[in-house]
Structure formats: structure tokens, C-alpha cells
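# Summary of structural features
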Amino acid sequence: MIVAGNWKMNLNINEAIELSNGLLKHNEVFVEEKIIIFPSFLIIPEIYNLFKNSKISIGTQDCSMYDNGAFTGQVSAEMIKDAGCKYVIIGHSERRSLCHETSSIVSQKAVKAVSAGLKVIICIGENSKDREKGDYLFVLEDQLKQSLSDLSNDNNLLSNNIIIAYEPVWAIGTGNTASKKDIEEVHKFIKEIISSNYQFNYDLPILYGGSVNSKNSSEIFKINNVDGVLVGGASLKSDEFLKIIKNSM
Ligand code: 13P
């Protein structure tokens, strides 16, 4: 199981160091490549130094769709790799809604990230209106296919580098975790789309995200086709996040 912590725009340097040290105390029991932390860009160097000899990997919460040049405020995939990161989250719903990121942009960013040698967590998720209307599976299929569109022409880009995170927008930060039935249905659906449309040469992991915590994570890990979780709020406290990691083992 993968347990990824998306710190979003939280934690100053001291808070982040304290939290990281709390996690590092348990490094021995962790499994390599299964715990990934996504700090804000600014504190990546500090967190990289703390985690570089540990089993915890780090990544960023976004990357640019461009290589370099006049793109004020953006950070390229090459820079992220150069800073010691192994992963990047692309297409989080907060970026899709707040920064107007389309699936086409997500796809272009994913190509840059994978080409730079990063592993990519591509997020998809329907909002509450899509769910109420009942057409959420169409929305998810469209997001998934468009977000992979620039990758699917190149088998090398599909190799071992993509993870999908299903994060229903209505479940993020609300305490309304999706039900077992909802998660099972969507994860199965994603697996089917992947296996019938793409030639991934590995069993592409699918994470669930949306109000995951230490209390509900054990049940979520037992659901078919759940390969891990992407955690927001509950990754900001070391005890809480450690309990989720423990539940994943
Ligand atoms: P919460 O766990 O706070 O609901 O956030 C989920 C998320 O957006 C992770 O990327």
C-alpha cells in the first residue's frame, strides 16, 4: 500500500521539521517507495535533507508544463528532480478548480514530469453535482483519458511512472469519506478503462483520497483495487499519519 501525504499550503519550516522528525523515528518499519510526502515548494530543500537517507520519498504538489524560460512563478519538472524529489502530484482538484487547470494541461505536465524522471500522481474526481446527476463515471472517464492523452502515444512514458488518485471533490476536506461501495465502483471502473485502453507494463496503482484518517483507513485499505491513499489534513499530524501508515501494513 502507498501512503501519500499532501501537505498542501500548510506548515512553516519549523512545523514541517518537527512533523518530519516524528515520522523519521519510525523509519525502520517503513517500506521503501510506499511513503511519500508532498511539502510546499519552499521547504523542499529542508525536507529533502531530512529524508534523503530514509525510506520516505518526497515530491511536489505541481509542476510546470514548460521546460524553462519566462514563466514567472512556475517550477519545472527538471528543477523538481534536481531538488531530489521523486514524485509530483498533477491535476489535484484544487488546482483544477482554483487555477483553471484542464485535463489537457494535466496531460502536458505529466509528460514533462515523466520525461524528467519523476513519478506522477494524476488526480481525478467528480464534484457533488456530477455525483447527484448520476453521470460521474462519464466525467471520470473523460478526465482520465484526457489527462493521459499526451502520454498514451509513448510506451516508455507509460512505464512504471504513473499512479492515479481518485479524489471525489465532495469528499476532500469535508469529513464525508466516500463509501466502500463508491470507492470500489470507481476504482474498478478506472482499472477497466486502463486495461482496455492503455498498454501499461505494470499494475497501475490507484489511490483513494478524500477525508482519509486513522479511523477509516483500515477499512479503505481492505477495498478491492485500492492500492493506497492520498491524505490531506490527517497528514499534518505525525501521530495521525503514523497510524494510517500502520494501518496500511
Ligand atoms: P483531505 O484528506 O484533507 O480530505 O484532503 C485530501 C486531498 O486533497 C489529498 O490530496
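Here, the structure is the one placed above.
Residues numbered from 1 in each chain as written. Predicted model: local features only at pLDDT ≥ 70, side-chain atom pairs only at ≥ 80, totals over all residues. Heavy atoms only, no water.

## What about a nonpolar patch on the surface?
Nonpolar side chains collect at one region of the surface, where Val29, Val31 and Met249 lie side by side and expose about 290 Å² of accessible area between them. As for its placement among the helices and strands, Met249 is situated in the segment after α11 (238–248). (Patch = residues over 30% accessible without salt bridge, like charges linked within 9 Å, V, L, I, M, F, W, Y side chains within 5 Å. Areas by Shrake-Rupley, 256 points an atom, 1.4 Å probe, with all protein chains shown as cover. Salt bridge = Lys/Arg side-chain N within 4 Å of Asp/Glu carboxyl O. Helix = DSSP H or I, 4+ residues; strand = E, 2+ residues; numbered from the N terminus.)

## Structural notes on the pattern of salt bridges
Taken as a whole, this structure holds 14 salt bridges when the rule is applied. With a shortest N-O distance of 2.7 Å, Glu126 and Arg131 are connected by a salt bridge. Take Glu126: its relative accessible area is 0%, and that puts it in the buried class. The buried category is assigned to Arg131, whose relative accessible area is 17%. Among the salt bridges present, the one from Lys191 reaches Asp227, with a minimum N-O distance of 3.4 Å. A residue pair is termed long-range when its members are at least 10 positions apart, and Lys191 in helix α9 (residues 180–197) and Asp227 in the loop between α10 (217–221) and β8 (228–231) qualify at 36 residues. If you follow the salt bridges from partner to partner, you end up with Asp62, Arg95, Glu101 and Lys109 in one network. (Buried < 20%, exposed > 50% of the residue type's maximum accessible area, 1.4 Å probe, protein only.)

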